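# Descriptive analysis of the structure
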Amino acid sequence: MIRRPPFSLVILLLSFPQIAETLYSPALPLIAQAYRVTPEEAAQTLSFWFVAFALGVAAWGRACDLWGRRPALLAGLALYALGAGWAMIAGDFGQLLAARLIAAFGAAAGSIVTQTVLRDSCQGPDLARVFSTLGIALAVSPAAGMYAGQEIAARGGLLGVFAALVLMAILLFCASLARWPETRPAGAAARPFRPVLRAMLRDRAIWRSAALIALFNLAIFGYYQLGPFLFARQDDAWMSFGESGLALALASLCGAFLNTALLRRGWGSGRLALLGIALLALGAGLVAVLIGSPAFLIGMAAIAAAYAIAIPNILAPALRAYASVAGTAGAILSLFYYNLLGAGLALAGLGQRLDLLLGCCAALALLAYAVKAPAP
């Protein structure tokens, strides 16, 4: 029997990268002011994060198979704390970028190790149900990060934000050191990386999953990247950027609960993913029409619900054909979609057009879904 880690710790670690980034996003205008850079340059700290995060996912996923799940997780959390600590004392914008890259590389362990452990201990429908339950936590975590980040930035400035990130990493490290078991199957030997990579590069279903995951994340994180500046330009906003996260969290929770209910009624992952894409398209249309007023949040609420429905149903079945190399395959899949996400956020930061970004995400998601993988 494989020992399972405490579910509460699984939730915290899987949510950790999202909380870390959304806690940081309200501080983007402060970064622009403190380091005397443009909003576009400040926004790039978020896109660069995902490039380093993608590399970290590949490294820690491989480490899961080579070293074991527990050592990979602890090393990643320690590296994240080091990067966040450097960000606290960064003397210029270049140092801040370097510190953020180190932190992103370390934070990736929280995502890939947790997903690998779940695939160690759950299979088939059980795995889909677990991802659905975790989808509720993933729906709430960005809102918690946004609201906490706004409050911390208002009271403690940039130093307070980075201090909070360091403290969070230390607490997660201590909890994992005390409670996280090793779940790598006994006698499992890591297969060579290159054959797995070659197989996945040729696998159309993997690329389809990677594209869909990247596009849904781009729609959400594009808002976190551009939202602070969008709110700053509006004089009649009835809520702040941080407070908008609470509305999106409520919408995400509704989507997650709907996803769970439909799974119980027998809906398959493909059908639920299509429902998520339809809601993404609806939300993008509403944002395009309402972008001039705070009412555009209605469209973002639809997109938040779409994310909560689609992501668990894309992730859960994505690696069925690679169960014997779960850590390495998970790393490669994440490397694909986080690089796509980083490139998308870099373009979004340059364009500063949320409505255009969301419209492209919806159109490309529909196209990716329409490209069916060949029958085995």
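These remarks concern the structure in this document. (Residues numbered from 1 in each chain as written. Predicted model: local features only at pLDDT ≥ 70, side-chain atom pairs only at ≥ 80, totals over all residues. Heavy atoms only, no water.)

## A few points about the overall build of the protein
Heads up, the condition is: Secondary structure elements follow DSSP: runs of H or I no shorter than four residues count as helices, runs of E no shorter than two count as strands, and numbering proceeds from the N terminus. Exposed residues in this analysis have more than 50% of their type's maximum accessible area, buried residues have under 20%, and partly exposed residues fall in between, with area computed by a 1.4 Å probe over protein chains only. The contact rule is simple, with two residues in contact once any of their heavy atoms fall within 4.5 Å. Accessible areas in this description were obtained via Shrake-Rupley with a 1.4 Å probe; residue shielding takes into account the shown protein chains only.
A tally of helices and strands in the protein yields 13 helices and zero strands. Reading the protein from its N terminus to its C terminus gives the helix and strand order α-α-α-α-α-α-α-α-α-α-α-α-α. In terms of principal-axis extent, the alpha carbons of the protein reach across some 60 × 45 × 35 Å. When each of the 376 residues of the protein is scored for burial, the buried share is 57%. By sequence separation, contacts in the protein at least 24 residues apart represent 86% of the contacts at least 6 residues apart. Summed over its atoms, the accessible surface of the protein is roughly 15000 Å², and 67% of this surface lies on carbon and sulfur atoms.

## Description of the pattern of salt bridges
Cut-off, in case you're wondering: For salt bridges, the criterion is a side-chain nitrogen of Lys or Arg within 4 Å of an Asp or Glu carboxyl oxygen.
Following the criterion strictly, the structure yields three salt bridges and no others. Arginine 69 is the salt-bridge partner of aspartate 65, the closest N and O atoms lying 3.0 Å from each other. Aspartate 355 is paired through a salt bridge with arginine 353; the nearest N and O atoms lie 2.9 Å apart.

## Some details on the packing of aromatic side chains
Applied cut-off: Stacked, tilted and edge-to-face are the three classes assigned to paired rings of Phe, Tyr and Trp, where Trp is represented by its six-membered ring and a pair needs centres within 6.5 Å; plane angles under 30 degrees give stacked, over 60 edge-to-face, the rest tilted. A positively charged side chain is recorded as over a ring if its NZ (Lys) or CZ (Arg) lies within 6 Å of the ring centre. The angle to the ring normal must also be within 35 degrees.
All told, the structure shown has 12 aromatic pairs when counted by the stated rule. Pairing tryptophan 49 with phenylalanine 53 gives two aromatic rings, centres 6.2 Å apart and planes at 25 degrees, and the pair type is stacked. Of this pair, tryptophan 49 and phenylalanine 53 are both found in helix H3 (residues 39-66), four residues apart, which corresponds to roughly one turn of the helix. Residue classification places tryptophan 49 among the buried positions, given a relative accessible area of 1%. Residue classification places phenylalanine 53 among the buried residues on the basis of a relative accessible area of 1%. Ring geometry for tyrosine 223 against phenylalanine 296: centres 6.3 Å apart, planes inclined by 55 degrees, an arrangement best described as tilted. Separated by 73 residues along the polypeptide, tyrosine 223 in helix H8 (residues 204-232) and phenylalanine 296 in the loop between helix H10 (269-290) and helix H11 (297-318) bring together distant segments of the chain. Owing to a relative accessible area of 0%, phenylalanine 296 belongs among the buried residues under this scheme. Members of the aromatic cluster, each reached through a chain of ring pairs, are Phe16, Trp49, Phe53, Tyr80, Tyr337 and Tyr338. One Lys or Arg, arginine 208, reaches over the ring of tyrosine 369 and ends 4.9 Å from the middle of that ring. The side chain of arginine 271 reaches across the aromatic face of tryptophan 267, ending 3.7 Å from its centre.

## Here's the deal with the side chain of serine 209
Among the secondary structure elements, serine 209 is positioned in helix H8. In this view, serine 209 contacts Ile314 and Ala318; residues no more than four positions away in its chain are not counted.

## A few points about helix H1 (residues 7-24)
Quick reminder of the rule: The span expected for a helix works out to 1.5 Å for each residue beyond the first. Two axes define the bend at a residue: one fitted to the seven residues ending there, one fitted to the seven starting there, and the bend is the angle between them.
Taking 1.5 Å of rise per residue, the 18 residues of H1 would be expected to cover 26 Å, and the 26 Å separating its terminal C-alpha atoms lies within 8% of that figure. Taken as a whole, H1 carries its principal kink of about 45 degrees at phenylalanine 16; the proline proline 17 stands between one and four residues after it. For H1, a buried count of 14 out of 18 residues is recorded, marking the element as mostly surrounded by other parts of the structure.

## Notes on the packing of H1 against helix H5 (residues 93-121)
Two measures define how a pair of helices packs: the angle their axes make with one another and the distance between the axes. For clarity, the threshold we go by: To get an axis, a line is fitted to the C-alpha atoms, and for a helix only the part in contact is used. The angle between two axes follows their N-to-C directions and goes from 0 to 180 degrees. Working definition: roughly parallel below 35 degrees, roughly antiparallel above 145 degrees, roughly perpendicular at 65 to 115 degrees, and oblique for all remaining angles. In this scheme the crossing of two helices becomes right-handed for a clockwise turn of the near helix relative to the far one and left-handed for an anticlockwise turn of less than a right angle.
Their axes nearest at 8 Å, the elements H1 and H5 cross at an angle of 150 degrees. Comparing the axis directions of H1 and H5 gives the class roughly antiparallel. Helix-helix and strand crossings are classified by hand; for H1 and H5 the assignment is left-handed. Here Val10, Leu13, Leu14, Phe16, Pro17, Glu21 and Tyr24 of H1 lie close against H5, whose contacting residues are Arg100, Ala107, Gly110, Ser111, Thr114, Gln115 and Leu118.

## Brief notes about the side chain of asparagine 259
The line we're drawing: Polar contact is the term for a pair of N or O atoms within 3.5 Å; when the atoms are in protein, one must be able to donate a hydrogen and the other to accept it, and sequence-neighboring residues count only if both atoms are side-chain atoms.
In this fold, asparagine 259 is placed in helix H9 (residues 241-264). According to the relative accessible area criterion, asparagine 259 is buried, its value standing at 1%. Side-chain polar atoms of asparagine 259 contact the side chain of asparagine 313, separated by 2.7 Å. In contact with asparagine 259, not counting residues within four places along its chain, are Ser132, Leu272, Ala308, Ile309, Pro312 and Asn313.

## Here's the deal with a nonpolar patch on the surface
Here is the rule: Candidate patch residues must exceed 30% relative accessible area and have no salt bridge, after which like charges are joined if within 9 Å and Val, Leu, Ile, Met, Phe, Trp or Tyr side chains if within 5 Å.
On the surface, Trp86, Met88, Ile89 and Leu159 cluster together to form a nonpolar patch covering roughly 380 Å² of accessible area. Within the secondary structure, isoleucine 89 sits in helix H4 (residues 69-89).

## Quick word on the nonpolar core
Put simply, the rule reads: What we call a nonpolar core is a set of buried Ala, Val, Leu, Ile, Met, Phe, Trp, Tyr and Cys residues that are connected through their side-chain atoms within 4.5 Å.
In terms of nonpolar packing, the biggest core is built from 126 residues, with Tyr80, Met200, Tyr223 and Met300 touching the most fellow members. It is H8 that contributes the most residues to this core, 17 residues altogether. What tyrosine 80 contacts, discounting residues up to four positions off in sequence, is Phe16, Ala20, Trp49, Ala103, Gly106, Ala107, Leu165 and Ala169.

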